[in-house]
Each structure stands twice: as C-alpha cells, then as structure tokens.
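What follows is the residue order along each chain.
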Amino acid sequence: MNARLSVRNVSWLALALGGILPGQAVAQRVDDNVIANADDAFGQSVGSERVGLYSGEDIRGFSPVDAGNARIEGLYFAPVDRPPNRLIRGNRVRVGIAALGYPFPAPTGIVDYELSVSSDSDQFTVGLERGQFGSKVATLDSQFAIAPDLRAYVGGTIRRQNRHEGGNFKGNVASAGLGWTPYAGARVFLFYGMNHIFDDETPPSIFPGGDYLPPQIKRRVMIGQSWSDRDNMQQVYGAVAKLPLGSWRIEAGLFRAERRGDASFTDVFAGLRPDGTVANRVIVADANNLDRTLSGEARVVRTFGDASLAHRVTASFRGRTGDRRFGGVQRISLGPSSLNFADERPRPTFAFGPDDTDDSGQATVGLAYTLSRQGRFLVDVALSKSRYYKTIRFVSAGLTTAVRDQPVTGSINASFNFSPDFSVYGGYVRGFEEVSVAPAIATNRGAVPPAIRTRQIDMGLRYALSQNLTLVGGLFEITKPYYNLDNALLYRDLGASSNRGVEVSVAGTVRPGLTVVLGNVFIDALISGELVDSGVIGPRPVGTVRRRTIANIDWRLDHGQSPLSFDMSFEGLSSRIGNPSNGLLAPPRETIDLGMRYRFAVGPARALLRLQVANLLDDYGWQVAANGAFQYSAGRRLLAEMRFDI
C-alpha cells in the first residue's frame, strides 16, 4: 500500500483526528517504534513511546532519579526533574542483566538518557497532534551538518494540554545542540534545553480519612481553584566529550540543571469522608523556589588483552553541588468543602514567609575493573569513596542542621555463558543515595533527609528461545531506610525497607513483522522497625503494588514490509497499598491500548499516521503516590499523531 497526499490536507487531517497521550514528545522519527526495537522488558523509551516494567520514576519499587542514579550518555548527572523533552531522544533502564558491563552500577538501577544531538543522521521532522480532550501540540526536530565535522540540532514543542483531571496547562520547549567530531571515533557535544510550564491548574490531592476509597469522581470536572495556576521553568545545559586515544579512552561530562518555581500550589483534601467532603480543605501556596545542581564525571578508561581475555580498567571522578531555596509556604484554610462539585473560592491575598535553604555536595573517586572472555564470562568489580555534605537552614525556626559523611561503596557482578543460548548472572551492589524531599502535606514540607546507604543483591538467567527471542528471569533484594509521613505528618525515617522480587522478561521477534515485549514482576515490599512492631504503621510501604504485568505486541503486515502495522499494549496491576496502616487498598487495575501505524509519502516527505485508543475498556482506577495521595486514572480516549520526515 502507498498513498500520496498534499501536506496541507494531511495537516488538517492530523488536527481533526482526536488526541494523543500526554507525555514527553522528543526527537522522534517516522520509523521509531519502541516495541519493535526493545531487546528486553525492563524499560526503554523512544520519543513519546515507552515500554517495559520499569521507568525513570520506578525501578523495582524505587525512583532512580530521586536516588541520584541518572546518567546522560553514560555519565553521571544530578537532575532536578526529568530533562526537557526534545533535548532527550530516549532513555534506557540499566538494571539486572542490562547493567552488566555498565560502569559503576547502583542499587535502585540507573536511567541513562540519550541526547538528541548525539545522532549522526540528518533529520527534519515535524509533528502535529490534536491531543486528549482537545489538546494541541506541535513539535519540530531538525539535525543537519554545518561542516564536515560539525553538526547542529534544533528542536521545539508548543503544547496546550487539557488534563484528564480537568483544567489545563501550557508548555513551551526549546532545545539546541552542537556535535563535533574532531577525529575518527571522537565525539564532543554541547547542548541546551528549556521547558516552561505555566497556567498549570492544580488538581486535587486526595487523602482518605479512613480505610475507605474516595467516591468515584466524575472525570474531566475541574475541582481545583481557578487562581491556583502553577508556573515552573526548567533548564538543562552542558557538554559531553568522548575521546578514544588508542587503547585509552577519555570520557567527560559537565551538566547544569535548574528549576525555578515562580508559583506553586497543592490542593489538599485531607481526612476525606466517604461522601467526598472534608472538614477543612487547605491550599498550600508557595513561590520563589529554586533548585539547581552542577554535576559531572570524568573517566579514564584503559583496555588491553584480546578476545580470549580482555581487560578494562576505569578510573572515575564524579561530583555534584546543589543548592535549593524552598519553604516560606502559606497554608490557606478554605474550611468545609467537597470533591463532588467545583467549589470555587475568592482569590486570597498571599503573604509568604521567609525562604529556607539547602546546600549539598558530593565528590566521588572510583576504580572499576572488568575481565571478560568473549562468549564465555564477564566479571565487573568497582570500588568508590565519597565525601558528602548537606546543610539545611530553616530560617523561620532559626535552626541549622548539617551532616557530613564519607561512605565507601562498591559492586561485584558477573555472568557466565554455559552455551551460546544460556547464561547466568549475579551481583552485589552497595550504594549511597539521596532521599526524595518531604511532600507538600508534611509539616516539614520541602525538607531533604541526609543521604542513605543502600544494598542490592540480584541473580538470574538469560535463555535464547530462538535466534530473535530472549527470555530473562531474575531475583533481587534491595534494602534501604524507609522515609515517609508519620501520624503527625512529619516526614522522617520510619524504619528499614526491603524489596524482594522476581522479574521475567520475554522480548524479541516471533516471526518477521511480529514483535513481542512481555514482562512480569512480583515485589514483596516490607518495612521493619519500631513503628511496625508497635502497630503504628503497617508492614508495607504506601503506594506499592505486589505485581505488575505487561504485554506488548507489534504486528507489521506482509512479514514486516507493509506500511500498515497494528499494536496492542496490556498492563495489569495488583492492588496498591493506600495508607500507612495498610488498612486501605486501591483495587487492581487492567488497561488495554490498541493502536495502528500507517506509513506513506507526501510528495518527497515520508509520513506516519499513528492512531491509538488508550484505556479501551474505560477502566476507572486509583493511583496512589508514595505519600498516600489518591488520583483517579485517565479514561478512554482516542489518540492521534502525524509525523513528517522531510
């Protein structure tokens, strides 16, 4: 099949076809298809498409970004938020067998971001979307040669997004970069990305007052206050250099990340009654917030030996500094209110308190050694020593807290191939991680606990079911201190957590044109400590699920040669812990998405029409954040997108 349409007609068609899922739209081409390209079910994204059991927000029950385990092009990066879209082409989760051979692995896994500017091919891609509930999105990605050894990338997004909870926001993104090849095999990148989200109407944060679910709220009704519009600006910029020098290699990256919150609101329905009412609805208003980091890594890598016995030695220096301005919040009591209708109140007069500050830094030196024999075995050993400090100044209380630490971390991981089709792997990793900040409902909102020590043990196997289809199965255990809200809403150390689990991945091509990504993870998440023993909190962390199942199928007709393909995605979640006592469970959820792609030509341009029905059965479920806030899931919607490679 082939079709030729005018650009004008196709553009109007794209705007008339319905919606696309909200999310990160990045440098995505007509041929990009994350299901067809995934080599495991552990987590991968390309553009706005994501597949896998894990993501940058959740790996084995924890957030790698909150833990400080993010990388850009493999080099250490301390983010303040997800990097701006268009700056990043995609990311890959490094966990289990996917972390073998990866320098300096970490408990909680690693999310590794790929820069859009790192591509070697020319690109001029235009995307037109008419998003969910009338949202409108336009995107541009362009990459071109300026000189034989110099390339440039320019990208942007204009988004006018309508939320599934009601309300809307506006977003503008701009990204740019330069890629220089000083000699064969060497790469140097400079980049900048900006993301401005504004007129962002605040949805409710719902906290049931007992062991019962919130009432089923009518979707798409704006319950928040019209004056609670958030305004945030994020910037990320930096440089990466990768320079091979014979058997030596120098790799370095320096990154600046900054987020400014000119206006921030949290609409808190705490102590919600079964009928959807609260005795006192509170708006937590904040302004003039700042969070910025300077981070990077420099490595010297030496390889020697041959395929029969290869050696790699890596010396690394990683560092970061961070400073935050937070606090000064104003808690606005609205009195009795309800979730059942838009309870609009007059705009108050804002009077913010003094800001608190947080300064932190870490310097780490590390040495890693890899020994491998091609097709037989691989052994990774790494050792690191850090110097860490954090100082928090609570101005209104006249209190300063400071902590210093010098942790030693390390890892040992190995794999052994019994045959070309069958291998086993295992490892032990000891880490040092940050803890997420205290949420808005906390009495110590915005406070950041000191960094914590973590530990991970995992093992598993990989078996080639066929030449193009691979099974990976693994066991893991992650232990770390557990921070959350106590009964007085103080965010603090509540004990120790242990996540033990089993994960299974089957991914690859079943037959030409038919690709599957199947995954299942069972996690037994437990808390131990005095508060559990005394019955103050339950033994399981808030927001956790015991099982997640995914099934993704992509079928391109005519043995993979047709311009037409169909895809299906299934996700099943077990019940989710809803409160600290564990007396409340959010019910299990199952969602099914059905989609199609049609590739065609518009004059000299290649084009893609992407259609999808998300949440086909219109499942109504509850998501539960780690702090216990409930939010209902998005309903059924038609998603559509047009892409043009010109």
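Residues numbered from 1 in each chain as written. Predicted model: local features only at pLDDT ≥ 70, side-chain atom pairs only at ≥ 80, totals over all residues. Heavy atoms only, no water.

Quick notes on the pattern of salt bridges
Reasoning step 1: Inspection of every chain in the model, using the stated rule, returns 39 salt bridges.
Reasoning step 2: Of the charged contacts in the structure, one is a salt bridge between Arg219 and Asp618, with a shortest N-O distance of 3.1 Å. Of this pair, Arg219 sits in the loop between strand 12 (204-208) and strand 13 (229-245) while Asp618 sits in the loop between strand 33 (605-614) and strand 34 (622-624); the two residues are 399 residues apart in sequence, bridging distant segments of the chain.
Reasoning step 3: For Arg219, a relative accessible area of 19% translates into the label buried.
Reasoning step 4: Taking relative accessible area as the criterion, Asp618 reaches 33% and is therefore assigned partly exposed.
Reasoning step 5: Salt bridges linked by common partners bring Glu49, Arg597, Glu641 and Arg643 together as one network. (Salt bridge = Lys/Arg side-chain N within 4 Å of Asp/Glu carboxyl O. Helix = DSSP H or I, 4+ residues; strand = E, 2+ residues; numbered from the N terminus. Buried < 20%, exposed > 50% of the residue type's maximum accessible area, 1.4 Å probe, protein only.)

Let's talk about unusual backbone geometry
Reasoning step 1: One non-glycine residue, Arg60, lies in the positive phi region at around 55°.
Reasoning step 2: Its place among the elements puts Arg60 in the loop between strand 2 (49-51) and strand 3 (70-72).
Reasoning step 3: Exposure remark for Arg60: the relative accessible area of 0% places this residue in the buried category.
Reasoning step 4: For Arg86, which is not glycine, the phi dihedral falls at a positive 75°.
Reasoning step 5: Relative to the assigned elements, Arg86 resides in the loop between strand 4 (75-77) and strand 5 (88-94).

Brief notes about the environment of Asp486
Reasoning step 1: When you line up the elements, Asp486 lands in the loop between strand 25 (469-485) and strand 26 (491-511).
Reasoning step 2: By relative accessible area, Asp486 is classed as buried at 14%.
Reasoning step 3: On a C-alpha basis, the gap between Asp486 and Gly134 in space is 41 Å, while along the polypeptide they are 352 residues apart.
Reasoning step 4: Asp486 has contacts with Arg492 and Leu494, leaving out every residue within four places of it along the chain. (Contact = heavy atoms within 4.5 Å.)

Considerations on empty space enclosed by the protein
Think of a ball as big as a water molecule: rolled over the atoms, this probe shows where empty space is left.
Reasoning step 1: Overall, the coordinates contain 6 cavities of 30 Å³ or more when judged by the stated rule.
Reasoning step 2: When its volume is computed, the second largest cavity comes out at roughly 120 Å³.
Reasoning step 3: Every residue lining the second largest cavity is counted, 17 residues in all, and those nearest its centre are Gly96, Ala99, Asn413, Gln456 and Asp458.
Reasoning step 4: Elements supplying a minimum of two residues to the lining of the second largest cavity: strand 23 (422-433) and strand 24 (452-466).
Reasoning step 5: A total of 4 residues in the lining of the second largest cavity trace back to one element, the largest contributor, which is strand 23.
Reasoning step 6: Of the residues belonging to the lining of the second largest cavity, the class tally is 9 nonpolar, 6 polar and 2 charged. (1 Å grid on protein atoms, 1.4 Å probe; cavity = no way out; pocket = protein on both sides within 12 Å on 5 of 7 lines; lining within 4 Å. Points joined across faces, edges and corners; volume = space filled by probe spheres on them. Nonpolar A, V, L, I, M, F, W, Y, C, P; charged D, E, K, R; others polar.)

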